[in-house]
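# Per-entry structural report
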Amino acid sequence: MFATPRADLVPNTAAYENEPLVKATGFREYDARWLFGPDINLLGVQALGLGLGTYIQELGQKKIVVGHDFRSYSLSIKQALTLGLLSAGCEVLDIGLAVSPMAYFAQFDLDAPCVAMVTASHNENGWTGVKMGAQKPLTFGPDEMGRLKDIVLKGEFVEREGGKLIRVEGVAERYIADAASRVNITRPLKVIAACGNGTAGAFAPEALKRMGVEVIPMDAELDYTFPRYNPNPEDHEMLMEMAKAVREHGADLAFGFDGDGDRCGVVDDEGEEIYADKIGLMLARDLAPLHKGATFIVDVKSTGLYATDPILAENGCTTVYWKTGHSYIKRKTAELNALAGFEKSGHFFLAGELGRGYDDGLIAAAAILGMLERNPGKKLSDLKKALPVAYTSLTMSPKCADEVKYKVVEDVVKEYEDLGKSGGSILGRKITDVITVNGVRVALEDGSWVLVRASSNKPELVVVVESTQSEDDMRDLFHKEVKPRLAKRPEVGKYNQEI
């Protein structure tokens, strides 16, 4: 029998080489993330694979796609995970190096119900993790992660004979061809493909080229040291490099892909970044006349403009604000049969004729290029300027340990709820609504809002603010309201970036 994992093992010891290390904090709301070495070892990853295999067998499944992102240790992680899956009696379809949406695509391509993608996504080097699902196109949520956590940490493994490993060739080519088939661009467009030396560099430039645009690769050479910056199109550093490249090359836009290729960041022809929630609104406005009565799902970090947009209203469209997280938005998009889901972090979930409902940076890029094709006389900046005005901050994340972050947010939620019930105000504006579906989003009488929630995959909080008045007011909502409120709590540390 495989040993029950421990949480107290230390690297560079005999026990570390003979027993599985798995710390409980790695089981997040909808995927798994650990620091490889101090939080999980290879035997711990094997235990995770055995636990995952045990769980999908409970669900009546055994066929599972596995892939890995481009980090120095990801192949080793995948092999350890595969050992565990095999000992649980699973049929493992190994597609090799992949971006996460390629693994999701492979579920359809290979008719496999389950997936386990080894990736730390946009997390810094040193992190590893697994994105998992057992019902395409969905990925695990809290219930599934809770059951998996119990199986692994309690050692409730069921080992079975009959495990089988199949190395599958050709999935990457079919994935690229499928993404490229989504659009055929006839207008001349010059596009920057920014990959941050992450996994998307192996696939994105070629797919974009096949869509019919001129492609200028940027940091597309795979290099798992990430020598320039972390591949995260939500980070200011990567966006600034994308903007610089647009201006240098006179490009029409830049796409930025994160470390595992399921997110897409955008910079327009004027070198201005457009956050994904605003790009989502531009897409929704473009698609609404073609899909009257459509439903769109957006996360609570997203702009409030969806709720008041006249074009969406004119075409009978509905917008539902839901929990932040790729698993939550993906699931809600499927549940409500929505045309698309948008998340401020850069996840786009395109369904129906647009896609299969999972988050894919390349499918998002195809949709944006399709929007430009349908508006031949307009630049991306023109479409952005047509939006109603709102000043939204970038996403800011102060450090906060996994063990205390949810309690901190719980206390902040109560503060804002009490303030709202007492008829309170923020910077002279009355609170009109306090939404607590995911942390707390406090809406003000002029349409401005502030958000505080716990990060689902890192030891951090997440802060976003939006003003309908001005950029200065947006900054004040952070510096005079949210930051001082959080600063009262010693558990809250330094921010990764600030406006």
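Being a predicted model, the structure only gives us computed values, none of them experimental. (Residues numbered from 1 in each chain as written. Predicted model: local features only at pLDDT ≥ 70, side-chain atom pairs only at ≥ 80, totals over all residues. Heavy atoms only, no water.)

## Considering the sheet that holds strand 10 (residues 264-267)
Whether parallel or antiparallel, the strands of a sheet pair through hydrogen bonds between backbone atoms. One open sheet accounts for five strands, arranged 8-7-9-10-11; its pairing is mixed. Looking at strand neighbours, the two that pair on one side only are strand 8 (214-218) and strand 11 (273-274), the edges of this open sheet. Relative to the sheet, helix 8 (residues 236-249) contacts strand 7 (190-194), strand 8, strand 9 (253-257), strand 10 and strand 11, its axis offset from that of strand 9 by approximately 150 degrees. (Pairing = 2+ DSSP bridges. Helix = DSSP H or I, 4+ residues; strand = E, 2+ residues; numbered from the N terminus. Contact = heavy atoms within 4.5 Å. Axes fitted to C-alpha atoms, helices over the stretch in contact; angles between N-to-C directions.)

## Brief notes about the packing of aromatic side chains
Evaluated as defined, the whole model comprises 14 aromatic pairs. Summarising the aromatic geometry, the rings of Phe 2 and Phe 157 are spaced 6.0 Å apart at their centres and angled 90 degrees between planes, so their arrangement reads as edge-to-face. Pair noted here: Phe 2 is in the segment before helix 1 (14-18) and Phe 157 is in the loop between helix 5 (142-153) and strand 6 (164-167), with a separation of 155 residues, a long-range link. In this structure, Phe 2 and Phe 157 share a single accessibility class: buried. Ring centres of Phe 108 and Tyr 358 lie 6.1 Å apart, and the angle between their planes is 40 degrees; this geometry places the pair in the tilted category. Residue Phe 108 is located in helix 4 (residues 100-109), and its partner Tyr 358 is located in the loop between strand 15 (348-350) and helix 13 (361-374); the two are separated by 250 residues in the primary sequence. Exposure remark for Tyr 358: the relative accessible area of 5% places this residue in the buried category. An aromatic cluster is present here, built from Phe 296, Tyr 306, Phe 342 and Phe 348 joined pairwise through their rings. (Phe/Tyr/Trp six-rings, centres within 6.5 Å; stacked < 30°, edge-to-face > 60°. Buried < 20%, exposed > 50% of the residue type's maximum accessible area, 1.4 Å probe, protein only.)

## A closer look at the pattern of salt bridges
What the rule picks out here adds up to 45 salt bridges. Between Glu 234 and Arg 263 there is a salt bridge; the shortest N-O distance is 3.7 Å. Note that Glu 234 is positioned in the loop between strand 8 and helix 8 and Arg 263 in the loop between strand 9 and strand 10, a separation of 29 residues in sequence. For Lys 488, the salt bridge identified is with Glu 415, shortest N-O distance 3.9 Å. One end of the pair, Lys 488, is in the segment after helix 16 (471-487); the other, Glu 415, is in helix 15 (residues 402-421), with 73 residues separating them in the sequence. The class of Glu 415 is partly exposed, set by a relative accessible area of 24%. A network of salt bridges, in which partner residues are shared, links Glu 415, Glu 481, Arg 485, Lys 488 and Arg 489. (Salt bridge = Lys/Arg side-chain N within 4 Å of Asp/Glu carboxyl O.)

## Remarks on helix 3 (residues 74-87)
Over its 14 residues, helix 3 runs 20 Å from end to end, which matches the ideal 20 Å to within 8%, given 1.5 Å per residue. Those residues of helix 3 that sit buried are Ser 74, Ile 77, Lys 78, Ala 80, Leu 81, Thr 82, Gly 84 and Leu 85. Among the structural elements, helix 2 (42-58), strand 2 (63-68), strand 3 (91-97), strand 4 (114-118), strand 5 (127-133) and strand 6 are those in contact with the buried residues of helix 3. (Expected span 1.5 Å × (residues − 1).)

## Thoughts on the packing of helix 4 against helix 6 (residues 171-180)
Viewed as axis vectors pointing N to C, helix 4 and helix 6 meet at an angle of 95 degrees, and their least axial separation amounts to 10 Å. Overall, the two elements helix 4 and helix 6 adopt an arrangement that is roughly perpendicular. On helix 6, the residues touching Pro 101, Met 102, Phe 105, Ala 106 and Asp 109 of helix 4 are Val 171, Ala 172, Arg 174, Tyr 175 and Asp 178. (Parallel < 35°, antiparallel > 145°, perpendicular 65-115°, else oblique.)

## So, the side chain of Arg 489
Within the secondary structure, Arg 489 sits in the segment after helix 16. Other than its neighbours up to four places away in sequence, Arg 489 contacts Val 408, Asp 411, Val 412 and Glu 415.

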